[in-house]
Amino acid sequence: EAGVAQSPRYKIIEKRQSVAFWCNPISGHATLYWYQQILGQGPKLLIQFQNNGVVDDSQLPKDRFSAERLKGVDSTLKIQPAKLEDSAVYLCASSSTGHTDTQYFGPGTRLTVL
Amino acid sequence: DAKTTQPTSMDCAEGRAANLPCNHSTISGNEYVYWYRQIHSQGPQYIIHGLKNNETNEMASLIITEDRKSSTLILPHATLRDTAVYYCIVRVGGAAGNKLTFGGGTRVLVKP
């Protein structure tokens, strides 16, 4: 079974530029999550989708971050414009809606904002 | 979700059992204990979870105290590849897609 795929793995941009990250969840997983992990800290949830609807985006800085999951499969997270404090690893995870609903994580995208 | 407390770091010897403690004194009756680990430059990896009974799988064992206020993750024969940050998380299980709230975790270093 293929895992969660993310691209790119690394991205370096200058502040005020825009950037987008892509995630392909495990086949059949209805729930998709985006987490932000700042160096030295645990991951923090940014947004959660159930199919193509948003379940929780309370921690998403909506003035600069946006995310979509148009067909209920792949998802894109965008930052525009980026700030220095957005430097972090952006992790995508997915889960089924079964009893255990274990979350499986992708390798992440490491963003550096200069 | 209930808050957890874990030691910041610990060392263990290769081949020996590693016992990782976690306190969750405010856990609710419907909250599960989950363990994830994160190896350097990788995404978190699911290890095991439990409600009140002890659990074992191919990776580890989870021992939950009778009052459910604390638990211990046991790696029976630690290898160098078990060096990682281990996160203990409590959350409501069974419902679709409840978020994971990560704390700082325990940084485990397995030494030869």
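These remarks concern the structure in this document. For clarity, every value in this text was computed on a predicted model and none was experimentally measured. Note that residues are indexed from 1 along each chain, following the sequence as it is written. All chains are assigned letters beginning at A, and all ligands numbers beginning at 1, according to the order in which they are written. Where totals are concerned, whole chains, interfaces and linings use all residues; where local detail is concerned, this predicted model gives features only for residues with pLDDT of at least 70, and gives and counts side-chain atom pairs only at 80 or more. Where side-chain values are given, they derive from all heavy atoms of the structure, hydrogens and water being excluded.

### Things to note about the pairing of strand E9 (residues 106-111) of chain B
All names here are of chain B.
Here is step 1: Where burial is concerned, the two faces of E9 differ: the one with Thr 106, Val 108 and Val 110 is buried and the one with Arg 107, Leu 109 and Lys 111 is not.
Here is step 2: When DSSP finds two or more bridges between a pair of strands, those strands are recorded as paired. Only DSSP runs of H or I reaching four residues or more are called helices, and only runs of E reaching two or more are called strands; each is numbered from the N terminus. Direction of pairing for strand E8 (residues 84-92) relative to E9: antiparallel, over a ladder of three bridges. For Val 85, the partnering residue across the bridge sits in E9 and is Arg 107. Each residue's exposure class comes from its accessible area (1.4 Å probe, protein chains only) as a fraction of the maximum for that residue type: buried when under 20%, exposed when over 50%, partly exposed otherwise.

### Some words on the sheet that holds strand E1 (residues 9-13) of chain B
Residues and elements named next belong to chain B.
Here is step 1: Taken together, the five strands give an open sheet; going across it, the order is E1-E9-E8-E3-E4, and neighbouring strands pair in mixed fashion. Unpaired on one side and paired on the other, E1 and strand E4 (45-50) mark the two borders of the sheet. This sheet shows a mean twist of 25 degrees between the axes of neighbouring strands, independent of strand direction.
Here is step 2: Inspection of the sheet shows E1 paired to E9 by five bridges, in the parallel sense. Directly across from Cys 12, in E9, lies its bridge partner Val 110. Axis geometry follows a simple rule: fit a line to the C-alpha atoms, using only the stretch in contact for helices, then measure angles between N-to-C directions, giving values from 0 to 180 degrees.

### Concerning the interface of chain A and chain B
Here is step 1: Here a residue-residue contact requires only that any non-hydrogen atoms of the pair lie within 4.5 Å. Listed per partner, the contact involves 23 residues of chain A and 21 residues of chain B.
Here is step 2: For the pair chain A and chain B, the two sides together bury roughly 1600 Å², of which 47% comes from carbon and sulfur.
Here is step 3: In protein, a polar contact means a hydrogen-donor-capable atom and an acceptor-capable atom, both N or O and within 3.5 Å, with residues adjacent in sequence counting only if both atoms are side-chain atoms; elsewhere, any N or O pair within 3.5 Å suffices. At the boundary of chain A and chain B, one finds three residue pairs in polar contact (both at pLDDT 80 or more).
Here is step 4: Elements with a minimum of two residues in the side of chain A that touches chain B: strand E4 (31-37) and strand E5 (44-50) of chain A.
Here is step 5: Of the residues forming the side of chain A that touches chain B, the biggest block, four residues, is contributed by E4 of chain A.
Here is step 6: Tallied by class, residues from the side of chain A that touches chain B come to seven nonpolar, 13 polar and three charged. The term buried area means the drop in 1.4 Å probe accessible area that two parts suffer when joined, counted for both and summed. For this classification, Asp, Glu, Lys and Arg are treated as charged, while Ala, Val, Leu, Ile, Met, Phe, Trp, Tyr, Cys and Pro are nonpolar and the rest, including Gly, are polar.

### Observations regarding the state of the cysteines
Residues and elements named next belong to chain B.
Here is step 1: Disulfide: a pair of cysteine sulfur atoms within 2.5 Å of each other. In total, this model carries two disulfides over all chains according to the counting rule given.
Here is step 2: Between the sulfur of Cys 22 and that of Cys 88 lies a disulfide, 2.1 Å long from S to S. Measuring handedness by torsion sign, the sulfur bridge of Cys 22 and Cys 88 sits at about -80 degrees and is left-handed. In this pair, Cys 22 is assigned in strand E2 (residues 18-23) and Cys 88 in strand E8, connecting sequence segments 66 residues apart.

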